[in-house]
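# Structural characterization, general
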Amino acid sequence: MDIKGQFWNDDDSEGDNESEEFLYGVQGSCAADLYRHPQLDADIEAVKEIYSENSVSIREYGTIDDVDIDLHINISFLDEEVSTAWKVLRTEPIVLRLRFSLSQYLDGPEPSIEVFQPSNKEGFGLGLQLKKILCMFTSQQWKHLSNDFLKTQQEKRHSWFKASGTIKKFRAGLSIFSPIPKSPSFPIIQDSMLKGKLGVPELRVGRLMNRSISCTMKNPKVEVFGYPPSPQVSGHCKNIPTLEYGFLVQIMKYAEQRIPTLNEYCVVCDEQHVFQNGSMLKPAVCTRELCVFSFYTLGVMSGAAEEVATGAEVVDLLVAMCRAALESPRKSIIFEPYPSVVDPTDPKTLAFNPKKKNYERLQKALDSVMSIREMTQGSYLEIKKQMDKLDPLAHPLLQWIISSNRSHIVKLPLSRQLKFMHTSHQFLLLSSPPAKEARFRTAKKLYGSTFAFHGSHIENWHSILRNGLVNASYTKLQLHGAAYGKGIYLSPISSISFGYSGMGKGQHRMPSKDELVQRYNRMNTIPQTRSIQSRFLQSRNLNCIALCEVITSKDLQKHGNIWVCPVSDHVCTRFFFVYEDGQVGDANINTQDPKIQKEIMRVIGTQVYTN
């Protein structure tokens, strides 16, 4: 008998090891082989040709007319910090499992879809979002998909490229059909229309595109994307890839387009976020009430248990920032976003609603959020019970505080801390979305970068972590004057940024450098009543500053030690420092000092600079 692959034995599927259930290639019995639709074979071969033999695996069921196709999406193009923030393993592909009718393929029922990482099944929350996206995409495509329709699309390809022969030869001439390269600027630039949108210099676009001009195309956009995208679809990542290489290649290409920009779209409705300063690093739900209800119902917020266990100090800080914003006399301006929390006693209503703000009730619930240091003493279920006794809205509010944070914050171990900052509360802080980080790196190669401090009062950081570091000049968010024009204000001198951070027990008057030096000397001669290495925040009188990386282009305006950057894409947060009870770091730090620069590079070297 001429049978492709090997026989499938039902006994082989017993056991817990997922990888043992799927063999690469095509398996099946003689009977199943006779009924397998030839278009399915053609699509499988196209995946292997364009990607690799290992990019697809197949399981046929001997007794039923079903086949599982596993498509392996390579995500090694994601930066290490992005994959950590998104809780994915960049060293392992994302698997799309589609179940088709073996004999009918595209003429059969719509395929079911599962999305997972074999070694990351428990913590792979991103899979829920990607599954929803791909299910919506497949449902839309299935309305006009059929084996005959696909065949006509592929015949067009052969009529265009008769001389070139195989897919491999064609792929060599048109890079859009090759796997996503391991490049720091991973959103593939597919046509010149996107140059301005992505903010990538002409030089880089030309380098990316120069491989794809070997064949002349009268209408590149239509030919690359087999038919025009839906009128409701906005953004290049939602364009529909060509069908000429089969449906399996099409869905892989669509998944590759969507993965780098998952943070730009609501995890529920898949509509683009609208932020003051563009998208943020972490995927999140939008503010539409239906999405908030769905988000809560899907149990996505249940990740709070893991956060409290593994990042307790960060949760402690998030709660402190929320409290500072809520207690501020400027709360009507800066407490943004206001929580969207579903009422646990009535899942169809919002207990906290941005359209009906109730600061008093919110304050009561926040007061009932137990300190995180007490939380870590017991199991999460016990913690939740205790919080529910105090206030039924306390725990849902804590979940919102954690899940609404769109920045990646990690407490730095002592060995990775900057000693000259004189605080044990030091954090890695990355808030830039992947696309902005890619643009930042491109600009850095052209102009170089340096480090500078950004001071902002603790009450402002609740919003900054969720909306980004914005240009507040001449807006209602502006707290200090904008004497040097519009832009993000920075300084290489620590004392200047300490002043902007509101040193002086919550008052917004900016102390002089001499005052800060005196306060620093006084605070560091007072005997400490507790270890300076205290794990959690002990005080409600907090001050903080960020250390940012800034592009040193001509756009950066330097007025002595006060710098103004009008281009928000040219500033990325790197570190965050918190001080208690009026204590400050060394007021004489200058980031342009070679010794200081060397220390910063030592600490940051194995993080954002690895790429």
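What you see is a predicted model, and the numbers here were worked out from it, not measured in a lab.

### Some details on the sheet that holds strand E12 (residues 542-551)
On the basis of which strands lie adjacent, the open sheet formed by five strands has the order E8-E9-E15-E12-E10 and antiparallel pairing. Taken across any chain shown, the strands that pair with only one partner, and hence form the sheet edges, are strand E8 (408-411) and strand E10 (449-455). Adjacent strand axes in the sheet meet at a mean angle of 25° when their direction is disregarded. Strand direction decides the pairing type here: E12 and strand E15 (residues 571-580), joined by nine bridges, are antiparallel.

### Here we look at the environment of Phe576
Secondary-structure assignment places Phe576 in strand E15. Phe576 gets classed as buried once you look at its relative accessible area, which sits at 2%. In sequence terms Phe576 and Phe427 are 149 residues apart; their C-alpha atoms lie 5.1 Å from each other. If we ignore the near neighbours within four places in the chain, the residues touching Phe576 are Leu317, Met321, His425, Gln426, Phe427, Leu429, Trp461, Cys544, Ile545 and Ala546.

### Quick word on the side chain of Arg36
By secondary structure assignment, the location of Arg36 is in the loop between helix H2 (30-35) and helix H3 (38-50). Look at Arg36 and you get buried, because its relative accessible area is 7%. Of note is the side chain of Arg36, whose polar atom sits 2.9 Å from the side chain of Asp41. Only 2.5 Å separates the side chain of Arg36 from the side chain of Glu60, close enough to count as a polar contact.

### Description of the state of the cysteines
Following the criterion strictly, the structure yields zero disulfides and no others. Lacking any disulfide linkage, Cys548 is separated from the closest cysteine sulfur, that of Cys572, by 8.5 Å. Since its relative accessible area comes to 0%, Cys572 is described here as buried.

### What about unusual backbone geometry?
For the bond from Glu336 to Pro337, the omega torsion is 5°, close enough to zero to count as cis. Mapping Pro337 onto the fold places it in the loop between helix H15 (331-334) and strand E6 (341-343). Despite not being glycine, Asp270 has its phi angle at roughly 60°, a positive value. With respect to the secondary-structure elements, Asp270 resides in the loop between helix H11 (247-258) and helix H12 (289-297). Residue class for Asp270 comes out buried when judged on its relative accessible area of 5%. Notably, His422 is not glycine yet its phi reads approximately 55°, a positive angle. With respect to the helices and strands, His422 occurs in the loop between E8 and strand E9 (426-430).

Rules behind the numbers
- Residues numbered from 1 in each chain as written.
- Predicted model: local features only at pLDDT ≥ 70, side-chain atom pairs only at ≥ 80, totals over all residues.
- Heavy atoms only, no water.
- Pairing = 2+ DSSP bridges.
- Helix = DSSP H or I, 4+ residues; strand = E, 2+ residues; numbered from the N terminus.
- Axes fitted to C-alpha atoms, helices over the stretch in contact; angles between N-to-C directions.
- Buried < 20%, exposed > 50% of the residue type's maximum accessible area, 1.4 Å probe, protein only.
- Contact = heavy atoms within 4.5 Å.
- Polar contact = N/O pair within 3.5 Å; in protein donor to acceptor, adjacent residues only side chain to side chain.
- Disulfide = S-S within 2.5 Å.

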